[in-house]
Amino acid sequence: MATKTIARPRTPVSPEANAQDTQHPADLLENTLSQLEALLWVCHGEDVDWCSGEGPRQLDNLLWLAADMARRAGELFQLNEKARRHAPEAGTVA
């Protein structure tokens, strides 16, 4: 008889190993849902035990969310700076 397979919880992946352009959309969705679940856990707040049960996994996912957002913000900053350097100065005629 075949053994039952149980999906394991997603765990954070380093940004280098988590290049969004190489991941399957289903994996990206699963990652985002894990991060959202952790964020909602924090919002619930009451009686959350961060040291046992689901707490440590949710805390890892929350830190993963913060790191992911910081990485994205850095990328957006670089894109903004590149666009700003190439934009014509205000008050000049192109």
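Counting from 1, residues in each chain are numbered in the order their sequence is written. Local features in this predicted model are restricted to residues of pLDDT 70 or higher, and side-chain atom pairs are both shown and tallied only at a pLDDT of 80 or more, whereas totals for entire chains, interfaces and linings draw on every residue. Values shown for side chains rest on all heavy atoms present in the structure; no hydrogens or waters enter the calculation.

Novice: Would you mind showing me how to read the pattern of salt bridges here?
Specialist: Any two side chains of opposite charge can pair, so long as their charged atoms come close to each other. Note on definitions: salt bridges are taken to be side-chain nitrogens of Lys or Arg within 4 Å of carboxyl oxygens of Asp or Glu. Evaluation of the coordinates by the stated rule reveals six salt bridges. The salt bridge involving Glu 54 is made with Arg 57; its shortest N-O contact spans 2.5 Å. A salt bridge links Asp 68 to Arg 71; its shortest N-O distance comes to 2.6 Å. Residue Asp 68 and its partner Arg 71 are both found in helix α2 (residues 55-86); the two are separated by three residues, about one turn of the helix. Residue Asp 68 is classed as buried on the basis of its relative accessible area of 6%. Here a strand is any run of E in DSSP of at least two residues, a helix any run of H or I of at least four, and the numbering for each starts at the N terminus. When a residue's accessible area, from a 1.4 Å probe over protein chains only, is under 20% of the maximum for its type it is buried; when over 50% it is exposed; and in between it is partly exposed.

Novice: Even after reading the chapter, I still don't get α2, so can you show me in this structure?
Specialist: Every α-helix winds through 3.6 residues per turn, so residues three or four apart in the chain are directed the same way. By this rule, a helix spans an expected 1.5 Å times one less than how many residues it contains. Taking 1.5 Å of rise per residue, 32 residues should cover 46 Å, and α2 covers 47 Å from first to last C-alpha, within 8% of that figure. For α2, the full list of buried residues reads Gly 55, Gln 58, Asn 61, Trp 64, Leu 65, Asp 68 and Glu 81.

Novice: Looking at this structure, I do not really get the packing of helix α1 (residues 25-44) against α2. What am I missing?
Specialist: Helix-helix packing: each pair is described by the crossing angle between the helix axes and the interaxial distance. In contact at an axis separation of 8 Å, α1 and α2 are set at 110° when each is read in the N-to-C sense. By the angle between their axes, α1 is roughly perpendicular relative to α2. Both α1 and α2 take part in a crossing whose hand is left-handed. Taken together, the residues of α2 that come into contact with α1 (itself represented by Asn 31, Ser 34, Gln 35, Glu 37, Ala 38, Leu 39, Trp 41 and Val 42) are Gly 55, Arg 57, Gln 58, Asn 61, Leu 62, Trp 64, Leu 65 and Asp 68. Just so you know the grouping, Ala, Val, Leu, Ile, Met, Phe, Trp, Tyr, Cys and Pro go in nonpolar, Asp, Glu, Lys and Arg go in charged, and all remaining residues, Gly too, go in polar. Split by residue class, the contact of α1 with α2 holds seven nonpolar, six polar and three charged. To obtain each axis, a line is fitted to C-alpha atoms, and for helices this fit is confined to the stretch in contact; angles are then taken between N-to-C directions over 0 to 180 degrees. Oblique is the label for every angle not falling under 35 degrees (roughly parallel), over 145 degrees (roughly antiparallel), or within 65 to 115 degrees (roughly perpendicular). By definition, turning the near helix anticlockwise from the far helix through less than a right angle yields a left-handed crossing, and turning it clockwise yields a right-handed one. Here, two residues are considered to be in contact whenever any of their heavy atoms come within 4.5 Å of each other.

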